[in-house]
There are 2 protein chains.
Amino acid sequence: MTAEPTHWPLADGRDLFFFSLPEHPPAPVPDRRPLPERTDQRSELRFDRTTGQWVIIAALRQDRTYKPPAEACPLCPGPSGLTSEIPAPDYDVVVFENRFPSLSGAGTAPFVLPPLNDDLSTSAPGHGRCEVICFSSDHTGSFAQLPTAQARLVVDAWRHRTADLMSRPGIAHVFCFENRGEEIGVTLTHPHGQIYGYPFLAPRAAMMLDQARSHRARTGTNLFADLITREIADGQRIVARTDSFTAFVPFAARWPVEVHIYPNRFVHNLTELTEPELDGFAEIYTEILGRFDRMYSTPLPYISALHQYADTDEQREGYFHVELMSIRRSDTKLKFLAGSESAMDAFISDVTPESVAKRLREL
Amino acid sequence: MTAEPTHWPLADGRDLFFFSLPEHPPAPVPDRRPLPERTDQRSELRFDRTTGQWVIIAALRQDRTYKPPAEACPLCPGPSGLTSEIPAPDYDVVVFENRFPSLSGAGTAPFVLPPLNDDLSTSAPGHGRCEVICFSSDHTGSFAQLPTAQARLVVDAWRHRTADLMSRPGIAHVFCFENRGEEIGVTLTHPHGQIYGYPFLAPRAAMMLDQARSHRARTGTNLFADLITREIADGQRIVARTDSFTAFVPFAARWPVEVHIYPNRFVHNLTELTEPELDGFAEIYTEILGRFDRMYSTPLPYISALHQYADTDEQREGYFHVELMSIRRSDTKLKFLAGSESAMDAFISDVTPESVAKRLREL
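Residues numbered from 1 in each chain as written. Chains lettered and ligands numbered in written order. Predicted model: local features only at pLDDT ≥ 70, side-chain atom pairs only at ≥ 80, totals over all residues. Heavy atoms only, no water.

The name given to chain A in an unreviewed UniProt entry is Galactose-1-phosphate uridylyltransferase, with Mycobacterium deserti as the source organism. For the record of chain A, the UniProt heading Sequence similarities (unreviewed entry) holds the text "Belongs to the galactose-1-phosphate uridylyltransferase type 1 family." (UniProt positions renumbered as here; feature names shortened; annotations may be inferred.)

Below is the structure:
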């Protein structure tokens, strides 16, 4: 495990953490930007009684940074302390609180969601935390191109933030993810991801845990472990296997490109992986992303979603894994989520999972 | 109610129906295109054990029509019977079977989905039906611009197709919808919608019915009726009200623009509406779409989703309504469904439902 990160407060009091490679300590300067003071105004959570899901209404974010020119990138190092979110001449990996957070305020004070009774207008403060993680100081790089030690440093940063956010009152679910590509609306091209601490279990995770609990009740086994065993036995949808991880296109893939990466051993989240497993995760993850970028003439737009769970009654059946998905369905065409997908959650895929797995294996 | 439609077979045996205004009977010509014979090859349904949802794998559709030039529009009238899906010099409203269907084969033969036991690889033929509905023969029009009688004719066509498809064995759920706008991937600009007959209850409808059944068990009332009453009493999110319909932005709206339209009387689907209510529906629906098109300098891209239910034990709590949604969040910006929405189903909205309702009321 790498050393503890260096904490460095930003001008408006937000937290920033430097995660550094050995013998490359950060050399931060004071953040001298005249940033407006942060208010304690939070977004709002509203409970949708028709779906049983929380929705976040973050009306304060409409003015957030939108496609700045490269020379004004807020994620590049800012040696003067005046031009960037990262007041330092250089960095390896940094994590900082989002300046335009959808969720905020999760510290040490207790927070509980209101009870879900028959009130038709249940709402709550947008408690939680939104962080940005910069994978590299190189503006033009990508995760797939990171050297192994750098990718492993990102994994350590995810792990550190996961442990920290999971320990905060009122955070029910920690979600590390990356949106990559203008095609999916990414407004900052500098390689970065995000970390959300939700005050609720996100709907998709909740749905999967429901299925897993009911599988456990019927079979006595873990659903995801059984699915990995089935995928390995079948073989057709496997993309890559190592001692510690298995990557495959799921049997009922919803996206034109979709790969799930599971550790071979059942763990709930990154904090439960051993050092060799963390190395193995950094390795297979960058390997799969490299295959993504070789699929077409330009790099694949994708979403990477780390499914992490807590060892609690509600989440115990949750098996740590990454779900990678892309809307690109050919060199020139994107899949759009239209009526069937967006309005009815009924996904229609144009390709067989087996053919996508074969393509990815051969790249 | 308008007269029964005129049935006219296409060259490859697909059904086409002309729905016509009074005293404007269709004058179809034979479809003389050398279309390849239809095969009985169907797409595949696969059950996703991790979510409890069916996914449609329609690998045969990758070559479907993609942004043809206007002079080759397959939805414009084709008087020669050689250039279009509609072999006629003119039409009012037509419905025909999609040439590249995601679901097919629903006729009179019985069909049952396989049982959902602990098999991890449950699949089934892609049984169902996919139809295209042309709202007008005018290539450049839009639904919002339809004269009232024409909009009502579309409603009659939806109603006819709903009744027909609901009666077919193995169709569990009929979904009429419109995708409008290149921004959401529409490849044919001619004003048209689609009608799906799913062999399963679509996941979002299933989720809403679960909530409504549990609401009924607790309160003895219909969830959606209670929500309409609450919206009317509150008033802030109401966009329009008539004798027979109420349109509002939902309390926990997920999209930058979202309006739901409910009849004031609880019905399950279009076939249960009276003649005056059908008139009222055509009227409020085009009225709301007109407001959409006045929001920004160019017409709003949107998805329109008709939620229709059957009067069965599973679906009885379902209240007919339309959900309209748009990803446009300003004159120049779109909302993309990225990590939180696409991978976790956790929606983040940048605007308050109340401000959107106010804006729409004032337009």
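Next, the rest of the story.
Q: Tell me about the sheet that holds strand E7 (residues 123-125) of chain B, and name the residues and values.
A: Here four strands make up an open sheet; going across it, the order is E16(A)-E4(B)-E3(B)-E7(B) and the pairing mixed. What marks the edges here is a single partner per strand, and that holds for strand E16 (348-349) of chain A together with E7 of chain B. Taken together, the five bridges between strand E3 (residues 44-48) of chain B and strand E4 (residues 53-57) of chain B define a ladder with antiparallel strand orientation. By the bridge assignment for E4 of chain B, Phe-47 of chain B is matched with Trp-54 of chain B. (Pairing = 2+ DSSP bridges. Helix = DSSP H or I, 4+ residues; strand = E, 2+ residues; numbered from the N terminus.)

Q: Give me the relation of the copies chain B and chain A: which residues, what numbers.
A: The transformation that overlays chain B on chain A combines an axial shift of 0.0 Å with a rotation of 180°, and the residual RMSD is 0.0 Å. The operation mapping one copy onto its partner corresponds to a two-fold rotation axis. Nearest to the rotation axis, the C-alpha of Leu-337 of chain B is located 4.5 Å from it, this being the minimum over chain B. A shared interface surface links the copies, since 100% of the contact residues of chain B are contact residues in chain A too. (Least-squares fit on C-alpha atoms with pLDDT ≥ 70 in both. Contact = heavy atoms within 4.5 Å.)

Q: Please set out the sheet that holds strand E4 (residues 53-57) of chain A residue by residue, giving values where relevant.
A: Hydrogen bonds between backbone atoms are what pair the strands of a sheet, whose relative direction is either parallel or antiparallel. Strand order across the open sheet formed by four strands is E7(A)-E3(A)-E4(A)-E16(B), with mixed pairing between neighbours. The open sheet has two edge strands with one neighbour each: strand E7 (123-125) of chain A together with strand E16 (348-349) of chain B. Of the pairings in the sheet, the one linking E4 of chain A to E16 of chain B comprises two bridges and is parallel in character. Residue pairing across strands places Ile-57 of chain A opposite Ser-349 of chain B, the latter belonging to E16 of chain B.

Q: How would you explain the packing of helix H2 (residues 203-219) of chain B against helix H3 (residues 223-234) of chain B if you had to name every residue and give the values?
A: Residues and elements named next belong to chain B. Their axes nearest at 8 Å, the elements H2 and H3 cross at an angle of 85°. The orientation of H2 with respect to H3, classified from their angle, is roughly perpendicular. Taking contact as the criterion, the partners of Met-208, Gln-211, Ala-212, His-215 and Thr-219 in H2 are, on H3, Leu-223, Phe-224 and Asp-226. Partitioned by chemical class, the residues of the contact of H2 with H3 number four nonpolar, three polar and one charged. (Axes fitted to C-alpha atoms, helices over the stretch in contact; angles between N-to-C directions. Parallel < 35°, antiparallel > 145°, perpendicular 65-115°, else oblique. Nonpolar A, V, L, I, M, F, W, Y, C, P; charged D, E, K, R; others polar.)

Q: Give a detailed account of the interface of chain B and chain A, specifying residues and quantitative values.
A: It is common to give the size of an interface as the accessible area that goes away when the parts come together. Each partner contributes residues to the interface: chain B has 81 residues there, and chain A has 81 residues. Buried surface at the junction of chain B and chain A, both sides included, amounts to about 7000 Å², of which 58% is carbon and sulfur. Applying the counting rule to chain B against chain A returns four salt bridges. Residues Arg-218 of chain A and Asp-118 of chain B are paired through a salt bridge, measuring 2.6 Å at the closest nitrogen-oxygen approach. (Buried area = accessible area lost by both parts, 1.4 Å probe. Salt bridge = Lys/Arg side-chain N within 4 Å of Asp/Glu carboxyl O.)

Q: Describe helix H6 (residues 353-362) of chain A, with residues and values.
A: For H6 of chain A, the full list of buried residues reads Pro-353, Glu-354, Val-356, Ala-357 and Leu-360 of chain A. Viewed along the axis of H6 of chain A, the buried residues span an arc of 160°, placing them on a single side of the element. For H6 of chain A, the elements touching its buried residues are strand E11 (238-241), strand E13 (257-263) and helix H4 (275-294) of chain A together with E3 and E4 of chain B. (Buried < 20%, exposed > 50% of the residue type's maximum accessible area, 1.4 Å probe, protein only. Arc of directions from axis to C-beta.)

Q: So what's going on with the UniProt feature "domain: Galactose-1-phosphate uridyl transferase C-terminal" (unreviewed entry) in chain A? Residues and values would help.
A: The residues that UniProt annotates with the feature "domain: Galactose-1-phosphate uridyl transferase C-terminal" (unreviewed entry) are residues 213-363 of chain A. The span residues 213-363 of chain A is 36% helix and 19% strand, and its two end C-alpha atoms sit 37 Å from each other.

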